[in-house]
Every structure is written in structure tokens, then in C-alpha cells.
Amino acid sequence: MSEFLSENNACGQNLLNIVSVGNSIIAEILRLKEYVPNIYRLENAADKQKYADIILDFSYFKVAEAHEKKIEGSPELSDLDLETRTNHLPLITRFYLAFQSIHHYATDLHQYIEELNSGYYIQQTLETVLQDEEGKQLLCESLYLYGVILLVLDLHIPGDVRERLLIAYYRYSGGDATPSGDDSNIHDVCLLLRSTGYVQPTQNQAMLPVNKIVSVPSYPESYFARFRFDTNFIDLVLVRLRCDDIYNQLAIYPHPTHRTTALSTQAVMLYVCLYFAPQVLHTQSAQMREIVDKFFNDNWTLSIYMGITVNLIDAWSCFKAASTAVANVVTRSSLEPLCQQKREQMNKTLQKIGEIVREGVLDDVFVLEHANQIIVLMRQANVLLRWYCLHTRPAVLIIFNQATLAQLHQKLLAALEFDPGMLYHLLLGCGELELNVRELLAELQNNREQRWTHNRDAAIQYLRELSEAFGGSRPLTKMEANPHLQQWFGQIAHRLQRLEVGKPQKSGRLIIQAMQALDEVQEYHNLHANMLVKQQLEETRDLLNQMAQLINLKEDIEIHIQMISDFSYAWCLLQRDFTVIMQNHIKALPRAVISIRAVFLKLASTLEVPLMRINQAKSEDLISVSNYYSTELANFLRRVLQIVPETMFSILARIIQLLTNAIKEFPTRLSKDKIREYAQFEERAKVAQLTNSIAVFTKGILMMKTTLVGVIELDPKQLLEDGIRKELVNHLANAYNLGLIFTPEKNKTSVQLLQEKLQALAKTIEGYRRSFEYIEDYLRVQGLRILLEESQRIINYNVEKECNCFLRNKVQEWQSRFQSQTIPIPNFKPLQGDTTKSNNFIGRLANEILLCTEPKQTIYLDLKCTWYEKRAPHQQLLPGSGFFNVLREAMAPAGMVGLERLYAHMLADELKRNMGRLQKNLNTDRMWCDALNSLTKELESRDFPGEVAKQPLKYYQSYTQRWLKVWPTLLDWMLSIGHKQLLRRHIAGELSFSSKCDAKLLENTTETLNRALLLELSSNMKLYDEQGMSMLTELQEILQYTGNYDPLEQIFMTPKNSHNMSLFLFLFTIAHVGRLQHSANTDCLLPKSAKDVIDCVPLILGLLTVLQQFHKNVKTLYISYLCQYVVTVAEAQLLDKEVLGADVITMLHFLQTFVRMAGLPLSVLEQRVPNMLLSEFDYLSTPVK
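Residues numbered from 1 in each chain as written. Predicted model: local features only at pLDDT ≥ 70, side-chain atom pairs only at ≥ 80, totals over all residues. Heavy atoms only, no water.

1. Section: the domain arrangement of the chain
By a widely used convention, the size of an interface equals the accessible area lost when the partners come together. As assigned here, the chain comprises domain 1 (10-195), domain 2 (437-560) and domain 3 (883-1181). Each of domain 2 and domain 3 has a C-alpha centre, and these two points are 100 Å apart. (Domains from an automatic or database assignment.)

In C-alpha cells, the structure reads:
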């Protein structure tokens, strides 16, 4: 590192930190572009209609006060605004910090230039910094990076979206507040980043005529002019970029035809910085001719930063001097010879690379002998690759979209006779050549001293053998003794003994002299006549030659290869244009992953470009920035290799079809005469053939070695498993989505349609299970575990999304613990015309089950666990045990638990909405309070029943009739709550039964642990720490899967305890129990009329759920009121007619059912109702003849 960048040089360190921050800001913008909330884009009519009044652009500043009053005056807008703030404020804050950092970057750079001009840094001025090599590079980079930040921001986060995000932060943060608590310059940020009007054309718009595209005048010069820098600073930077080779690249590219490639990095910086001096682009024709002739004479498409390419013909079309200069270079007369030259070079280079990279040619000896020729070939190949990638592919950043651009592009492709396959093979050849040469060079460097010593010792041994042979002590065929040669070979061996690898110049001269001496002695003494001597001399010369090559092997050769093989310009192009080509190559030839791995390693080496300055500055951003680029590259590699699992699954679909529909499963016992029937040779042969195809793909991807992509290590086995998981997730999600669409069909009831859909889905899932169980050994993965984990993740993710409807603080896509960037779960749009407004399949299924078991249309028989139609002849609709068994087979335990959670969220939402209103009326409504207080005094007085005993039913009716308008709404609420609790109980029962059968050990273990923890909690508070709560949460999740829980015991809210609640529910009960009657056939309470909406079991479960939210005394008091009612009415009826009436009988049956479902002992009733009445009420209701 130069003196300018030494740690004690404040001038250099400050400038380095500014440049480091610039690279970090670009990475942050690229990272955040994927997280722009969709509602801030306002891309569809629904979002515009819903959020138009709360998501605003800078027009808000003109009517801020009036608009805030409008939002505050509307409860709907206030709730929506609060919900938007709660869900998106952390992300909006992150966007604002990124925007603010851009303004800070500009002000820091401006302040640094002012400090240089004012003499703040001793012995340093703007001119002296530009004279230093590192200082010159950093100053140019600082201005260039600011321009790149502005262009990248406008490309990925459009101006209208920026304005909406800034206004959202301004409103939600309280104006000028910032997360750090400092005074914010939010107004300066808004002025700098307000909308430019530029919108990147889509792919469909990119080739439209110019009159179809709205261009932005004075773009981007007016955008760059929003923050003014010192003009002297800009002029000096432009001069250095025009005149100097600031990165010393011409030494690496000595050939004159490679000049534009050598200066390409500098040319890009010059292109961006010229926008800070637009007068040069407009009027300085001489300067622009000089610039174009030097930097762009055969290179008019540039990569401004990490593959964001721009075409000068388009970018400079509105600048007179610049466009004229480019037009002088890019003409038909110059284009044809240039294309012919490139075409010829392409053919020659492909041929040379093919000769070298073919198997058996490229080894360490070849690299040592031809190192210089390999470097020349690499340089030529990379220059060609750069030119072809940039000029034959459409630019990423389109500014004006001139019509002539498309015409020129077509002419260029025609003149080149462009074949994408040749470019792809050049890319593969370059990558493979560079990877192999680098690996061989690394091995040579590591073993250099050892190999050199081994060769020296071997050469000395050969020379000593020759010396002994000419001395007569080692007889060779037809060899005469020669003392002079004996002495001479001995002296040469002694000289070689003194060679040291640490003294390359001296050792190199001695080696060359020894080789020349061996040639001369062979000629002079006619030693080539003896084949044995000749062979030993040739082997000795080869060893000496290898020693000389090892000495000449310099460490900087790898640095040269790194600089020559720069591939950062293809960061975007490779993902956009080559993904399908690579996938087709792998599909046709699975072994191609080896070559493609080399391409990705070539692309990974370019991560040094954005990280170099961050690393030099020792910035804390190094980890996050390197993680971002490495993750992007790793994801790209996964997308390319995803073709392998996709092809596997297309083959697997045929295997599933055969295993599910064609091949019969062998029974445990089989008679001899049926063996041929079950053998099915042809079908099993087809399965074997398809299985072999899958095994070939598996072998192909596993041939790829473990690859370090940036800071992420990719294991081929893990890549294969991730790919299989991703494809499986797509198939399963699609199966769930399509399989659970309930469109009404003729001649089919909704119950029949539901059961058919679930059975078909269960069959599909079983097909996947059987096929994965069969194929997992050939894929070398644990197929059933993957199937279970991914189906569980899909269901949990969709349940989470569906439950978001009931949450104010919603779980965003990027916050979900079930969503993954590596293996994303696909999102499907909600069905149009869906009356339930479900977001996904789990919501549709939950609502369809609710519809089929609606209490208003069905009767639930508790003893048979079955739903029946209310209308005669009361046909069976849904057998609970059989239906929930099919549901478990289709949705797996994870689906059952997901449905249970969704119903719990529905319950919680209903309770919160209705309980608050009910309590408010009970506590504040005068009529309600007076009536209930009066009734309380009478029921709890010592004289009760008193006169009431004569006509108790009229007495109670006088109170129940006061809420006649309230009862229907409350009944609907109770039935709805009870309905969902009934389904939850069935789900828990099915899970408990299946776990006892299929996972008995797990079920017993968790139940025992649960009881032990409950006992421990009752006597010890140590479990209430963080670790204990974590264990309890984990246990709770397992208990849900094993069904070891009671939904009725769950508490959803903690309202204030109220005596009036038990009394009011008592009045509600006696007002509705009369609509029920006991059936001796079914031994349960049924509605008296088939048209009545009431159903006993959902009603009781609804009441139990509401009472469970209060203290247990409220439930006890409620039971006491009912028992008092029974005793009072029964006493009056027995005294009057000596027979119990239907009201008492129905209420006693209701109480027994209530106590049984609540899990209370019968003693609760025995303490409050006379035993005679409780045990003999059926007898007492029989009239005496």
C-alpha cells in the first residue's frame, strides 16, 4: 500500500473511506430494490383505490395539513394508515437511511474537496493528490461512484416510488426525526432524490420506435446537477481520466488492438463523470473526438458498474458534440471490417482453446512450457468475450431508446453472422482454461521448491551415472571408458549440487550454461550415437529445462490472469441472456455442470471489484456487501442448475403415474397363480428406464466439486437437495392450490365435492410419497424427510398468510420464518369471484368445511360425531371420523394443525370484535345495567322465589323479552364460535388418534413431559425464565401435532370479570333452550323445527368458549343460575300438576351436556340440584294415569 493510503495519512484515509462508503451504498440500493413494498408502487387499480389517500408523493407538501385532517376524520383511513405504519415503518426507515446516506456521501465528498482547497491537510492539495497514483485513482472513483449511485437508484427504484417512501417516512417519523435522533436533512434528501421522470423501459417497450417512448429532457445532466461540486475538481478529474492511464493497464494489454479494453475501466469512469460537465458533451467537439478516438473507437457499449451496461449511441444521442463524435466512429464502412476481424478472431481463438482444454493436454508440464502463450491466448479470448457480450446483447440501462439503436444492432449481428452458441462455447472455454491454469499454477507455486529440488537431484543422479559409466565402474552396452568425460560429467554434477532456488538469477545462469554444455559435449564427442547415453542426456536436459521454468515462474502471473479475466461486465448479462442456454446445455449433457462451474468461478472472481476499496478501508460493511454479492451469485447458480430437478420431476411425474395407477402393490401374502398378475414386467421395465435417467442427472450434478462462491461454499450434494426441494415445493404448492378449488358442479352437493377433492389430493400426495420412497436411493437424498418438511413449510406459510387477515401487525413476506430465498414458496393470486375472500388454498378449505357444516343447515349428533341435514329425511352429510381421516391423509398432520390455527385466529378475531361491544353495553347501557342489577337483587335475595314460585316462567320471560332484538345476533355469534370450536375438537381428536397409532412413543413421551412440567410449574417458578419459556413453546407445538390439547381450554383474551356476564348469558340460555327438545332415539337435544337455525352442540361450545375467557367463578355462577332456574320451575310445576314440564326436562339435559363438554364433575350439578330431581327427571316428567 502506498504512502498516501498509510494509516497515519488522514488525507488518504478520509478519501478511501468516502470511496468505500460509495461502494457500500450501491450494494444497499441493489439489496433494497427487492424489498420495495408493493403498495408503494401502486401498480394495480385495487392498490390505487385502497391506498391513494395514505400513500402520497411530493404533492403532499402543498396540502399536508388538510390531508392529515382528512385521514384523522375518517376511521377507515385512520385504521388503514395505522396498519400501514405498523407493518412497513421498519422497512421504510431502512430505505430512508439509504437515501440519506447518498446525500451524506455527496456532502462528505464536497467537504473533503473544500478541505483540500483550504489547506486543511498539510502538504496536500487537489493537485498533489492527483499526482499520487493511489490518490488519483481514489479522487476519480469518488466522483464516478456518486454518478453511479444516482443512475443505479433511478434504474431500480423509480422516482415516484422514492417520493412515496420519503413522504411515508416524513409522516410516520414525525417530520424531521431520524432513527439516530439527530437533526435530519430530510428536505435536502427530498430535493436531491425527487423524481426525475425517468422510467426504465420494459423488455416489450425496449424496441419500440422512439415516438412511442416518453424521453426525459436534460437527463441525466439535470439529475447530476442537483448537487454542485467544485468545477475545478471536476475539470481536473476529467483531464486525468482523458490523458493518463490511471490503473496502468496498458502494460497488461501491450497489443495496440487491445487499447480500448485496457482503458475500459477508465473509459466508464470518464463516461459517468462527463455528465458533471455537460458543456463538454454539448459543445466541445474537439475534446469529444479525442475521447471517442482514444476510448470508444471500437467499443461503444460500456458496463458502468457490475454489469449495468449502457450504449453510447443511445446515451449520448441528445448531446450534439458527443453524438457527432460517436457517429464518426460507428459507421457502416468501419463496422463491416471490424465485424470481419472479430469473426476471424473468434474462429481462431475457439480452435486454440479447444486444442488446449481437451482432456490430456493441459497439465503442469504444459503450463510451465507454454505459460506466455497461454497468457496471450487468455488475453485474446477475454478481449473477444468482452466485445461480443457487450455489443451483441441489448444494453441494461436504456436512457433515450433511439430508433437507430435497434437498426444498428441488427446490422451488427448480420455483419458478425452472430451465433449465440459460439459465444457460449467461448465463455465455457475461457472459464475452463482459466480455472485449470489457475489450479495448476497454484499447485506449482505450492510445490515449487520441492519439485525444483527433486528435479535437481534427479539431474545430478543422471550425470553421476554417466560419469560412472564413462569411468568403467557402471558398464553400459558398447560403451568405452573415457576418463575426460568421466571427470567432466562429475564436475557438472558438482556444479548443479550448488544450485539454490532462493537465488534465481545465479541458478538460472548456471542451468542455461549446463544445458548448453550438454548439447556441445553430445555433438563434439558424438554421444548421440549411443542411444542410452542420448536418452539420459535428453532426460537431464528436460529436468534442467523444468528447473529453469520453475525459477522463471513469477508470482505475479496469477495477478495478471486475475486482471485479464475480469468478468464484472457480464454480472447482469449472464443472468438475463445465458440462463436458458446453460440450462439447455445441462439438460442435453448432465456433465456440462463441470464447465459451467468454471464460468461461475470466473464470475465470482469479479467480486473483488466492489469489495477492494471496502477491504482496504477495513470497513464494517465488508461482510454485508460480500454476503450480498455472494448470495446473488449463489442464487444464480441455483437457478441455472434448477433445470436438473425440473427434468427429474418431469421424469418423476411419469414414475408417479405408473406407481399410482399402473403398478399394483404386492400384498403380504400372494397365491402362486397371481404372481404373473402382480409382476407387471413391462410397467416395471419402464419405471427402471426412467429411474436410470434420473440417476444420470444425479451423477452429473454430483460430479461438480465443492465450490466457494465469494464467501459462500456450495456443496453439490446440498445444491441437488435444494433444487429437489425447490421443485418439490413448486409441485406441492401447485397441487394444493389446484386441488382445493371448490367450483360448484351439477348433481353434486358441496359436501360430495369437498370429499372428492380431498380424496383426489390425498391420492396425489400419496403418489409423491411412494415415488420419493422409491427414488430416494437413486437421488442420494432422504426423500421422505424432504417431502414431509417441505409440505409442512408450505402449509405453515399459507396459514401464516391467511392469518394475516386477522392481525394488525402483519407478517411480511421477508419476515416469514417459513419463506426462503433459496427455496421460495410460490404465491398464487386469490381466486376471482371467491365470496369467502380467502388468500390461498388453506383459507378456501377452512371456509368450505365451515360451509358444509354450517349449524343453520345441519344438526350435529355428539354421540355419533356426525353432521346430518336439518331438513327431513335428515340424511347423513359428513361422518366426522371418516371425513377427518381423509382430511389428514390429504393435508398431513401439518395441514390439520394449520387448519386448527386458522380457526383459532378466526375465533380470536370474532371474540375481540364482539366481546368488547358486549361488555361495553353491559357496563354502560342504562337499560341493560338497571335490568340486570334488579334481577341480581331478586335472584340473590333470601326470600326468592317468594311470589315468583307461582309463575316462575313468566317471571323469567319478563326479563328475557327485554333483549328480543339482541338475541338473534348473539345466537349467530355463539353458533359461529361453537362451530369453529367443534371443528377444532375434531381435528385434535383425529391428531390424537393418529399419533397413538403411528407415533405411540412420541405421544406418550410428550404427554408425560407435559404432565411433569405442569406439576413443576404449580410448585416452582424457575421455568418462567427465557430458557424455560422456549422449552414450553417448543413442547406446545409438539403437543398440537400429537393432539394432546383441549381447544375449549384455550384463552384468547383476558376481559374484565363481570357478574353481569354470567347473568346475561343465563338469560340468553333460558331464552333459547326452549327451542330445543330431547330426542330419545339420538339421546341429544334437537331443534323443535327443521327451519330453526339453532343447534345444541355448537351453542354449548360457544357458551363454554366465551365463559372460558373469564375467571372460573363466572362459569360457576352461570351454572348456579341455571340450576336455580331448574329448581324454581320444577318446584312450581310439581306443586301445580305433579309433572315436570318440557322446559325443565330440556334444561336438565342441557345442563348435563354442558357439564360433560366442559369437563366438569357431575358433583357440580349435584351440589345445586336435588338428587331426586337430577336422577329421576325422566320419571317425574311422565304423567300419572
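2. A look at the pattern of salt bridges
Pairing is possible between side chains that carry opposite charge, provided their charged atoms lie close to one another. Inspection of every chain in the model, using the stated rule, returns 41 salt bridges. Notably, a salt bridge pairs Glu68 with Arg171, separated by 2.6 Å at the nearest N-O pair. Placement of Glu68 in helix 3 (residues 64-73) and of Arg171 in helix 7 (residues 159-172) is noted, with a sequence separation of 103 residues between them. On the basis of relative accessible area, Arg171 is assigned to the buried category, the value being 13%. Between Glu434 and Lys602 there is a salt bridge; the shortest N-O distance is 3.0 Å. One end of the pair, Glu434, is in helix 21 (residues 420-446); the other, Lys602, is in helix 29 (residues 593-604), with 168 residues separating them in the sequence. No difference in accessibility class separates Glu434 from Lys602, as the two residues are buried. Here the residues in one salt-bridge network are Glu721, Arg725, Arg785, Glu789, Glu790 and Arg793, joined through shared partners. (Salt bridge = Lys/Arg side-chain N within 4 Å of Asp/Glu carboxyl O. Helix = DSSP H or I, 4+ residues; strand = E, 2+ residues; numbered from the N terminus. Buried < 20%, exposed > 50% of the residue type's maximum accessible area, 1.4 Å probe, protein only.)

3. Notes on the pairing of strand 6 (residues 866-869)
In the sheet, strand 5 (residues 858-861) pairs with strand 6 via 4 bridges, with the strands oriented antiparallel. Residue Thr858 lies in a different strand from strand 6, and its bridge partner there is Glu869. The turn linking strand 6 back onto strand 7 (residues 876-879) is made up of 6 residues, and His874 within it adopts a positive phi angle of 55°. (Pairing = 2+ DSSP bridges.)

4. Details of the sheet that holds strand 7
Strand-to-strand pairing in sheets goes through backbone hydrogen bonds, with the strands running parallel or antiparallel. Pairing within the open sheet is antiparallel, and its 3 strands lie in the order 5-6-7. For this open sheet the edge positions go to strand 5 and strand 7, each flanked by a neighbour on one side alone. Taking each pair of neighbouring strands and ignoring which way they run, the sheet shows an average axis angle of 25°. Direction of pairing for strand 6 relative to strand 7: antiparallel, over a ladder of 3 bridges. From the neighbouring strand, Trp867 faces strand 7, where its bridge partner is Leu878. On the sheet, helix 39 (residues 880-924) packs against strand 6 and strand 7 and is oriented at approximately 55° with respect to strand 7. (Axes fitted to C-alpha atoms, helices over the stretch in contact; angles between N-to-C directions. Contact = heavy atoms within 4.5 Å.)

5. So, the nonpolar core
By size, the foremost hydrophobic cluster in this structure holds 385 residues, and its most contacted members are Tyr271, Trp316, Tyr629, Met891, Phe1066 and Phe1150. Those residues in contact with Phe1150 that lie beyond four places of it in its chain are Thr1069, Val1073, Leu1085, Leu1099, Ile1100, Leu1103, Tyr1118 and Leu1122. Of all hydrophobic cores here, the second largest spans 5 residues; its members include Ile859, Tyr868, Cys1084 and Leu1086. (Core = buried A, V, L, I, M, F, W, Y, C linked by side-chain atoms within 4.5 Å.)

6. So, helix 19 (residues 371-392)
For helix 19, with 22 residues, the first-to-last C-alpha span of 31 Å sits near the 32 Å given by 1.5 Å per residue. Burial within helix 19 is extensive, with 19 of its 22 residues counted as buried. (Expected span 1.5 Å × (residues − 1).)

7. Some details on the packing of aromatic side chains
Applying the stated criterion across every chain yields a total of 49 aromatic pairs. Seen from their ring centres, Tyr275 and Phe319 are 5.9 Å apart, and the 55° between their planes marks the pair as tilted. Here Tyr275 is found in the loop between helix 12 (264-273) and helix 13 (278-283), whereas its partner Phe319 is found in the loop between helix 15 (312-315) and helix 16 (320-329), with 44 residues between them in sequence. Given a relative accessible area of 1%, Phe319 falls into the buried group. Ring centres of Trp963 and Trp967 lie 6.2 Å apart, and the angle between their planes is 45°; this geometry places the pair in the tilted category. (Phe/Tyr/Trp six-rings, centres within 6.5 Å; stacked < 30°, edge-to-face > 60°.)

8. A word on helix 4 (residues 75-118)
Within helix 4, the axis deviates most sharply at His88, by approximately 60°, and proline Pro90 lies no more than four positions further along. Count one or two residues on from helix 4 and you reach Gly119, which has phi positive near 80°. (Bend = angle between axes of the 7 residues up to and from the residue.)

9. Looking at unusual backbone geometry
Tyr219 connects to Pro220 through a cis peptide bond whose omega is 5°. Turning to its location among the elements, Pro220 is positioned in the loop between helix 8 (186-193) and helix 9 (221-224). A positive phi angle, near 55°, is found at Asn248, a position not held by glycine. Within the fold, Asn248 resides in the loop between helix 10 (231-243) and helix 11 (259-262). Judged by its relative accessible area of 39%, Asn248 falls in the partly exposed class.

10. Examining a positive patch on the surface
Taken together, Arg495, Arg498, Lys503, Lys506 and Arg509 make up a surface patch of like positive charges. By the secondary structure assignment, Arg509 is in helix 24 (residues 504-524). (Patch = residues over 30% accessible without salt bridge, like charges linked within 9 Å, V, L, I, M, F, W, Y side chains within 5 Å. Areas by Shrake-Rupley, 256 points an atom, 1.4 Å probe, with all protein chains shown as cover. Lys, Arg positive; Asp, Glu negative; His and termini not counted. Charge placed at Lys NZ, Arg CZ, Asp CG, Glu CD.)

11. Regarding a negative patch on the surface
On the surface, Asp363, Glu369, Glu538 and Asp542 cluster together into a negatively charged patch. Within the secondary structure, Glu369 sits in helix 18 (residues 364-369).

12. Focus on the layout of surface pockets
Roughly 1,200 Å³ of volume is contained in the second largest pocket. Around the second largest pocket, the lining is made up of 44 residues, and of these Tyr247, Gln249, Thr265, Val609 and Met612 lie nearest the centre. Elements represented by at least two residues in the lining of the second largest pocket include exactly helix 6 (133-156), helix 11, helix 12, strand 1 (301-305), helix 19, helix 26 (556-564) and helix 30 (608-616). Here the lining of the second largest pocket is built from residues that sort into 20 nonpolar, 17 polar and 7 charged. (1 Å grid on protein atoms, 1.4 Å probe; cavity = no way out; pocket = protein on both sides within 12 Å on 5 of 7 lines; lining within 4 Å. Points joined across faces, edges and corners; volume = space filled by probe spheres on them. Nonpolar A, V, L, I, M, F, W, Y, C, P; charged D, E, K, R; others polar.)

13. Describing a nonpolar patch on the surface
On the surface, Phe666, Leu670 and Ile675 cluster together into a nonpolar patch covering about 260 Å² of accessible area. Among the structural elements, Phe666 can be located in the loop between helix 32 (643-662) and helix 33 (675-679). The class of Phe666 is partly exposed, set by a relative accessible area of 46%.

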